[in-house]
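Residue-level listing of the chains:
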Amino acid sequence: MKRRKFIQNASLSTFGIAAGTSLFASKKNIFSSEEKSAQIETANFPLVIATWNVKESTAEAWRVLQDGNSALDAIEKGCMVEEANAEGQSVGIGGLPDRDGNVTLDACIMDSKGNYGAVVYLQNITHPISVARKVMEDTPHVILAGKGAEQFALSKGFKPVDLLTDASKKAWEEWKKTSQYKPIINIENHDTIGMLAIDKNGDISGGCTTSGLAYKMAGRVGDSPIIGSGLFIDNEIGGATATGLGEEVLKTVGSFLIVELMRQGKTPQQACEEAIGRIIKKNPDFKNFQVGYIALNKKGETGYYSIHDGFSVTKYHDGKNENIPSDFYEK
Ligand code: GLY
């Protein structure tokens, strides 16, 4: 079984967790396993989990948590590591540009009190996650877009930066030779960074940061900065975040769906599988795009699932920072 190690957690029955009736009856019967309902990945908190192989980001978030800081601080600092990594071509500096050669960034952050802040179509600023936090904490609004978001960031002391690196410019110039536009599964084996953390008090926050689809149309905004799609946190229940083709996550409000499924008693794993099932059921074209979800509940249990092979998560808990391949639907 190419997936994380499940540990039998007998005490779960005392929490009344049951398999429930799946909304998605898969031909592959991925949701009906009674065994699965009794198998839960156990974890103590604090804990941080992120999409893809981003060990340096989770290490930074873990360090912040170990210092006794909030999940919110851990999320911001953890996401900033990947945003500053010029070699990552899907987040922050070095992100692949849109069709016109402009790097535009989307990000959001949500705290344990239900506060939320986001920036969309932000240019020339390396750390959209931090600007999103400032939107949340320093304005009466929840989303700032484009020039307004950039002006706000500059007013808060963020420095203007050219986000288009030589490598991304070269990739864009190569792309322009054919200008073919279609989503590429697991592009660079790394897409949006979504991160969830639970601190020592058991409070949950999350963040999501991306340069969006490579070579997208100018003005395109994906799921990542949109509350309920790319990220959702309800501190009574848990949180979820997404990576992959944002249009499909938006159409099914994936992260909110996962949190609501956990509210109904599903484990994080069952909820992620159900949300992927919702996309598959509604879109016969699912073979041509990737979506991956991660989820975390109030007990520090996690789940993750994607449509295709290649998705992975990085989890830091119990002093161990691990990159773990995700199970997936299309076998
Ligand atoms: N998931 C990132 C995007 O579609 O923009």
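Residues numbered from 1 in each chain as written. Predicted model: local features only at pLDDT ≥ 70, side-chain atom pairs only at ≥ 80, totals over all residues. Heavy atoms only, no water.

> Any chance you could break down the overall build of the chain for me, citing the residues and the numbers?
Secondary structure assignment for the chain yields nine helices and 14 strands. With 331 residues in all, the chain has 60% of them scored as buried. At a minimum sequence separation of 6, the contacts of the chain that also span at least 24 residues come to 68%. Just so you have it, the chain exposes about 13500 Å², and 51% of that area is on carbon and sulfur atoms. (Helix = DSSP H or I, 4+ residues; strand = E, 2+ residues; numbered from the N terminus. Buried < 20%, exposed > 50% of the residue type's maximum accessible area, 1.4 Å probe, protein only. Contact = heavy atoms within 4.5 Å. Areas by Shrake-Rupley, 256 points an atom, 1.4 Å probe, with all protein chains shown as cover.)

> Go over the sheet that holds strand 14 (residues 320-325), please, and point to the residues and values.
Taken in spatial order, the eight strands of this open sheet run 6-5-4-8-7-3-13-14, and their pairing is mixed. Edge positions in the sheet fall to strand 6 (143-145) and strand 14, since each has one partner strand and no second. The average angle at which neighbouring strand axes cross in this sheet is 10°, direction not considered. Looking at chain direction, strand 13 (residues 312-317) and strand 14 are connected through six bridges and run antiparallel. Considered in strand 14, the bridge of Val 313 is made with Ile 324. Its contacts with the sheet place helix 2 (residues 55-66) against strand 3 (47-51), strand 7 (193-198), strand 13 and strand 14, and it is angled at close to 155° to strand 3. Contacts between helix 5 (residues 146-155) and the sheet are confined to strand 5 (116-122) and strand 6, with strand 6 contributing the most and set at about 105° to the helix. (Pairing = 2+ DSSP bridges. Axes fitted to C-alpha atoms, helices over the stretch in contact; angles between N-to-C directions.)

> I'd like to hear about the site of the ligand, residue by residue, with values.
If you check the shell around the ligand, you find Asp 191, Thr 192, Gly 212, Leu 213, Arg 220, Gly 222, Asp 223, Ser 224, Gly 244 and Gly 246 and nothing else. The separation between a nitrogen atom of the ligand and a polar side-chain atom of Thr 192 is 3.0 Å. Within the side chain of Asp 223, an N or O atom sits 2.8 Å from a nitrogen atom of the ligand. Summarising the interface, the protein chains cover 100% of the accessible area of the ligand, which totals 200 Å² for the free molecule. (Near = heavy atom within 4 Å. Polar contact = N/O pair within 3.5 Å; in protein donor to acceptor, adjacent residues only side chain to side chain.)

> Describe the sheet that holds strand 9 (residues 231-234), listing the residues and the values that go with them.
In a beta sheet, neighbouring strands pair by backbone hydrogen bonds and run either parallel or antiparallel. The sheet built from four strands is open, its strands ordered 9-10-11-12 with antiparallel pairing. If you trace the sheet from one side to the other, it starts and ends with strand 9 and strand 12 (302-306), each paired once. Each strand of the sheet is rotated relative to its neighbour by a mean of 10°, with strand direction disregarded. As paired elements, strand 10 (residues 238-244) and strand 11 (residues 291-297) share seven bridges and run antiparallel to each other. Looking at the pairing, Gly 238 lines up with Asn 297 of strand 11. In this fold helix 9 (residues 268-282) packs onto strand 11 and strand 12, with an angle of close to 25° to the strand it touches most, strand 12.

> Let's hear about unusual backbone geometry: which residues, and what values?
With the exception of glycine, most residues fall at negative phi, and the peptide bonds are largely trans. Even without a glycine there, the phi angle at Asn 124 is positive, about 70°. Even without glycine at this site, Tyr 215 takes up a positive phi of about 65°. Topologically, Tyr 215 is positioned in the loop between strand 8 (204-210) and strand 9.

> Tell me about the environment of Ser 168, residues and numbers included.
Relative to the helices and strands, Ser 168 is located in helix 6 (residues 166-176). Judged by relative accessible area, which is 0%, Ser 168 ranks as buried.

> So, helix 4 (residues 128-138): which residues are in play, and what are the values?
Where burial is concerned, most of helix 4 is hidden: eight out of the eleven residues are buried. Among all positions of helix 4, only Pro 128, Ile 129, Ser 130, Val 131, Ala 132, Arg 133, Val 135 and Met 136 are buried. Close packing links the buried residues of helix 4 with helix 3 (71-83), strand 4 (105-110), strand 5, strand 6, helix 5 and strand 8.

> So, helix 5: which residues are in play, and what are the values?
Burial in helix 5 covers these residues: Gly 146, Ala 149, Glu 150, Phe 152 and Ala 153. Viewed end-on, helix 5 has its buried residues packed into an arc of 160°, placing them on one side of the element. Facing away from the buried side of helix 5 by over 90 degrees, the exposed positions are Lys 147, Gln 151 and Ser 155. For helix 5, the secondary structure elements touched by its buried residues are strand 5, helix 4 and strand 6. (Arc of directions from axis to C-beta.)

> Any details on the nonpolar core? Residues and values, ideally.
Side chains of nonpolar character tend, in soluble globular proteins, to be buried together. Ranked by internal contacts, the top residues of the largest apolar core, which has 66 residues, are Val 48, Ile 258, Ile 276, Val 291 and Tyr 293. Among the elements that take part in this core, helix 9 stands out by supplying six residues, more than any other. Sequence-distant contacts of Ile 276, defined by excluding residues within four places in its chain, comprise Val 291, Tyr 293, Tyr 305, Ser 306, Ile 307 and Tyr 329. Membership of the second largest hydrophobic core comes to eleven residues, among which are Ala 107, Val 119, Ala 149 and Ala 153. (Core = buried A, V, L, I, M, F, W, Y, C linked by side-chain atoms within 4.5 Å.)

> Describe the side chain of Ser 306, listing the residues and the values that go with them.
Its place among the elements puts Ser 306 in strand 12. Reaching out from Ser 306, the side chain makes a polar contact with the backbone oxygen of His 308 at a distance of 2.8 Å. Excluding its chain neighbours within four sequence positions, the residues that come into contact with Ser 306 are Ile 276, Gln 290, Val 291, Gly 292, Phe 311, Ser 326, Asp 327, Phe 328 and Tyr 329.

> A description of the packing of helix 3 against helix 4 should follow, citing residues and the corresponding values.
In contact at an axis separation of 8 Å, helix 3 and helix 4 are set at 150° when each is read in the N-to-C sense. When the axis of helix 3 is compared with that of helix 4, the two are roughly antiparallel. For the pair helix 3 and helix 4, the contacting residues are Leu 72, Asp 73, Glu 76, Cys 79, Met 80 and Glu 83 in the first and Pro 128, Ile 129, Ser 130, Arg 133, Met 136 and Glu 137 in the second. Of the residues that constitute the contact of helix 3 with helix 4, the class distribution is six nonpolar, one polar and five charged. (Parallel < 35°, antiparallel > 145°, perpendicular 65-115°, else oblique. Nonpolar A, V, L, I, M, F, W, Y, C, P; charged D, E, K, R; others polar.)

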